[in-house]
Every structure is written in C-alpha cells, then in structure tokens.
Amino acid sequence: MTTRATAAALALAALLFAPAPIWAHAFLDHSDPAVGSTVPAAPQALNLWFTQELEPAFSWVTVTDKSGATVNDGSAAIDPNDQTKLIVKLKPLDPGTYTVKWHVLSVDTHTTEGDFTFQVGKG
Ligand SMILES: [Cu+2]
C-alpha cells in the first residue's frame, strides 16, 4: 500500500469505528466562577452551563472546602429560563480553594460527571 492509500484507509477506519459523538452528552460548557479561576470576592452562587438540557431530578452539584466540608447551601436547581444551566447557592466562603463536583443527567438519558476547583482570593 502506498502511504497515501494507507492514510486514506486509516481515515476511513477512524470514521467507521469512531465512538459515539461526544456532543451527544451534557458536558460542562463553562461556569461562573470559571473553572480554575480565582475570584476576588466570595460568590453567593455557582452557575454551571452545560452543552445540553438537563433532567433536574438526577443532576447535582457539591462544593467543598479544603477540609472537605460542604459549602453549597442546598441543592442545585435548574434555571427555569435555561434548562442547560444549574445554579447552586453558596454559604459565605472564606478565602481558599473550593472543589466543585458535578453529576448530571441530560435529556438524552446519558449521565456525565466531572470536577474542578476555583479559588476565592485574599483581599
Ligand atoms: Cu448523551
């Protein structure tokens, strides 16, 4: 096989055997505070935007401080005006690093999960 024919065969194989497209699931698109960011003042809520609409009953978010204590104030709720957005209220946060864990069920019945941190800066 020539190099070009091999490349074409590999490209075709990649198309045929590619896994289900990742855009078929709800992944985290962005958040506020942003993933990995440092915010100067403690936010009162964490907002998470996903790539697909979510099923509220099976979607949750926890925020913990460095000691592992939960700092979200109640459960995450879906924005009634935006089914792709989860909002969770936060207790008053001291400066430090916080870990966000999310687990969501999208309307296509697939679950996805992930985690990230953000930091509340010292004044
Ligand atoms: Cu999916």
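Note on numbering: residues in each chain are counted from 1, in written sequence order. Since the coordinates come from a predicted model, pLDDT governs what is reported: local features require at least 70, and pairs of side-chain atoms require 80 or more to be given and counted, while whole-chain, interface and lining totals use all residues. The basis for the side-chain values is all heavy atoms of the structure; hydrogens and waters are excluded.

**Structural notes on the nonpolar core**
- Residue types Ala, Val, Leu, Ile, Met, Phe, Trp, Tyr and Cys, when buried and joined through side-chain atoms within 4.5 Å, form a set referred to as a nonpolar core. With a 1.4 Å probe rolled over the protein chains alone, any residue whose accessible area is under 20% of its type maximum counts as buried; one over 50% counts as exposed, and the rest are partly exposed. Counting 22 residues, the largest nonpolar core has L46, L48, F50, V61, V63, L86 and F118 as the members making the most contacts within it.
- In DSSP terms, a helix is any run of H or I states spanning at least four residues, a strand is any run of E spanning at least two, and both are numbered starting from the N terminus. Among the elements of the structure, β3 (45–50), β4 (60–64), β6 (82–89), β7 (96–105) and β8 (111–120) are those that each provide at least two residues to this core.
- No other element matches the four residues that β7 contributes to this core.
- Each residue touching L46, except ones within four places of it in the same chain, is listed here: D32, P33, V61, V63, L86, I87, V88, L90, V100, F116 and F118. Whether two residues are in contact is decided by their heavy atoms: any pair within 4.5 Å suffices.

**A look at the side chain of N47**
- Tracing the backbone through its elements, the reader meets N47 in strand β3.
- N47 gets classed as buried once you look at its relative accessible area, which sits at 14%.
- Setting aside residues no more than four positions away along its own chain, N47 makes contact with H30, S31, D32, K85, L86 and I87.

**Overview of the sheet that holds strand β5 (residues 77–79)**
- Spatial ordering of the open sheet is given by β1-β3-β6-β5, a layout of four strands whose pairing is antiparallel. The open sheet has two edge strands, β1 (28–32) and β5, and neither has a second partner. Strand-to-strand twist across the sheet, computed as the mean angle between neighbouring axes with direction ignored, equals 30°.
- Sheet topology places β5 next to β6; three bridges connect them, and they run antiparallel. Following the sheet pairing, I78 is matched in β6 by L86. What makes two strands pair is DSSP finding at least two bridges between them. All axes here are fitted lines through C-alpha atoms, helices being fitted over the stretch that makes contact, and every angle between N-to-C directions spans 0 to 180 degrees.

**Quick look at unusual backbone geometry**
- With an omega of -5°, the peptide bond between D32 and P33 qualifies as cis.
- As for its position among the elements, P33 is in the loop between β1 and β2 (38–39).
- One non-glycine residue, T109, adopts positive backbone phi at about 75°.
- Tracing the backbone through its elements, the reader meets T109 in the loop between β7 and β8.

**Focus on the sheet that holds β4**
- Overall, mixed pairing links the four strands, which are arranged β2-β8-β7-β4 in an open sheet. A strand with exactly one partner marks an edge of an open sheet, and here the two such strands are β2 and β4.
- As judged from the 10 bridges shared by β7 and β8, these two strands associate in the antiparallel manner. Bridged to W102 within β8 is G114.

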